[in-house]
Amino acid sequence: MKTYFLLPLLILLAMPVSAAKMSTPSKAPKSYEVECASCHMAYPPGLLGQKNWQNILAGLDKHFGVDASIDAKTQTEITQWLIKNAATKEKYSSFAPENRITKSAWFIREHDEVRADVWKRDAIKGPANCSVCHTDAANGGFSENNIRIPSK
Ligand code: HEC
Ligand code: HEC
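What counts, and at which threshold
- Residues numbered from 1 in each chain as written.
- Chains lettered and ligands numbered in written order.
- Predicted model: local features only at pLDDT ≥ 70, side-chain atom pairs only at ≥ 80, totals over all residues.
- Heavy atoms only, no water.
- Near = heavy atom within 4 Å.
- Polar contact = N/O pair within 3.5 Å; in protein donor to acceptor, adjacent residues only side chain to side chain.
- Helix = DSSP H or I, 4+ residues; strand = E, 2+ residues; numbered from the N terminus.
- Nonpolar A, V, L, I, M, F, W, Y, C, P; charged D, E, K, R; others polar.
- Donors = N, O, S within 2.8 Å, 3.2 Å for Na, K, Ca; no water.
- Tetrahedral: all angles 85-135°; square planar, octahedral: opposite > 155°, others 65-115°.
- Buried < 20%, exposed > 50% of the residue type's maximum accessible area, 1.4 Å probe, protein only.
- Core = buried A, V, L, I, M, F, W, Y, C linked by side-chain atoms within 4.5 Å.
- Contact = heavy atoms within 4.5 Å.
- pLDDT = per-residue confidence, 0-100.

Chemist: Where do I start with the site of ligand 2 in this structure?
Modeler: With respect to spatial proximity, 20 residues lie near ligand 2, and among them H111, C130, C133, H134 and F142 are the closest. In this structure, a nitrogen atom belonging to ligand 2 sits 2.8 Å away from a side-chain N or O atom of H111. The separation between a nitrogen atom of ligand 2 and a polar side-chain atom of H134 is 2.7 Å. Of all the secondary-structure elements, those providing two or more residues to the shell around ligand 2 are helix 6 (105-110) and helix 8 (130-133). Residue contributions to the shell around ligand 2 peak at three residues, all from helix 6. Its residues assigned to classes, the shell around ligand 2 comprises 13 nonpolar, four polar and three charged.

Given below as structure tokens:
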């Protein structure tokens, strides 16, 4: 009886996470959209490991040159959700230098065909602006079928 109940759950847990579609296992709290998507897109939690997310949420007063502080209750809520949904596969969960998705080994590898001058184009303004090129990024989609690189 118990085994039957657990079986679908085990199958679900064993499913591989595909890079092309970053599924979000549990819905983001509203605060994540409000507090973490005003300056850049709401990055999918599965693109960084737990330690990176912990560091980011613990250092919001000095967040990549800006003050992105939030109240303690919201900070706890977002931290817990990010940690729960952080990357588990080694490719994405390995510690990313500077707590940046864009400095992780997989990111650099997947983007090695993007020339240095392309990142600097006015419409792109650096690798952290995923959704400029990945047109389905807001839905967690990074498939190569949904890429459009602005020409300037
Ligand atoms: C006041 C604006 C602002 C807010 C609010 C903000 N950020 Fe950022 N964030 C930035 C800036 C600026 C960068 C650096 C972007 C760049 O290098 O192009 C950044 C970068 C990041 C990066 C690294 C991107 C990379 O290079 O891989 C992550 C991850 C991140 N933010 C997560 C968060 C989370 C989580 C929150 C909510 C708790 C948040 N941010 C709220 C401004 C903000
Ligand atoms: C300048 C445009 C551009 C920006 C900005 C950009 N990417 Fe990409 N991304 C690409 C290109 C081009 C590829 C290579 C696609 C291919 O393999 O043909 C790629 C590949 C990927 C892949 C692998 C897709 C696959 O199906 O194999 C992932 C995941 C990804 N990007 C995530 C991100 C994330 C997350 C960000 C922001 C932190 C980002 N990208 C920012 C252009 C961009």
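Chemist: I tried to follow the coordination of the iron atom of ligand 1 on my own but got confused; where do I start?
Modeler: For a metal with four tetrahedral donors the ideal donor-metal-donor angle is 109.5 degrees, whereas six octahedral donors ideally subtend 90 or 180 degrees. Within the protein, H40 (NE2) and H63 (NE2) serve as the donor atoms for the iron atom of ligand 1, at 2.0 Å. Each of the six donor atoms bound to the iron atom of ligand 1 contributes to angles spanning 88 to 179°, and the resulting shape is octahedral. Note that H40 is positioned in the loop between helix 2 (30-36) and helix 3 (50-58) and H63 in the loop between helix 3 and helix 4 (72-84), a separation of 23 residues in sequence.

Chemist: How do you make sense of the site of ligand 1 when you look at a structure like this?
Modeler: Taken together, 20 residues sit near ligand 1, with C36, C39, H40, H63 and T102 positioned nearest. Contact between ligand 1 and H40: a nitrogen atom at 2.8 Å from a side-chain N or O atom of the residue. In the model, an oxygen atom of ligand 1 is placed 2.6 Å from a nitrogen or oxygen of the T102 side chain. Counting residues per element, the ones that place at least two in the shell around ligand 1 are helix 2 and helix 3.

Chemist: Please clarify how the coordination of the iron atom of ligand 2 should be interpreted in this entry.
Modeler: Here the iron atom of ligand 2 is held by the protein donor atoms H111 (NE2) and H134 (NE2), which lie 1.9 to 2.0 Å from it. Coordination at the iron atom of ligand 2 is octahedral, judged from the six donor atoms that bind it and the angles of 87 to 179° they form at the metal. You can see H111 sitting in the loop between helix 6 and helix 7 (116-119) and its partner H134 sitting in the segment after helix 8, a full 23 residues away along the chain. Take H111 and H134: they sit in the same class, and that class is buried.

Chemist: Which parts of the structure should I look at to understand the nonpolar core?
Modeler: As a rule of thumb, nonpolar side chains are buried together in soluble globular proteins. In terms of nonpolar packing, the biggest core is built from 29 residues, with Y32, Y43, W53, L57, I78, L82 and I101 touching the most fellow members. When residues of this core are traced back to their parent elements, those giving at least two are helix 2, helix 3, helix 4, helix 6, helix 7 and helix 8. Beyond its immediate stretch of four places on either side in the chain, L57 contacts I70, Q75, I78, T79 and L82.

Chemist: Is there a simple way to explain the confidence of the model for the protein in this structure?
Modeler: Keep in mind that low pLDDT regions are not for reading the predicted coordinates in detail. In this model, the protein carries a mean pLDDT of 89, and residues with pLDDT of at least 70 account for 84%. Mean pLDDT across the secondary structure elements of the protein bottoms out at helix 1 (residues 2-14), with 50, and peaks at helix 3, with 98. Long-range and interchain partners of residues 9-19, a stretch whose pLDDT sits below 50, account for four contacts in this model, where long-range means more than four residues apart.

Chemist: How should unusual backbone geometry be read in this particular structure?
Modeler: Trans is the common state for peptide bonds, and a negative phi is the common state for residues other than glycine. Of note in this structure, F64 is not a glycine but carries a positive phi near 45°. Among the structural elements, F64 can be located in the loop between helix 3 and helix 4. Since its relative accessible area comes to 41%, F64 is described here as partly exposed.

Chemist: Even after reading the chapter, I still don't get the environment of P127, so can you show me in this structure?
Modeler: Mapped onto the fold, P127 is located in the loop between helix 7 and helix 8. The sequence separation of P127 and I101 amounts to 26 residues, and the corresponding C-alpha distance is 9.3 Å. Excluding residues within four positions of it along the chain, P127 makes contact with T102, F107 and W119.

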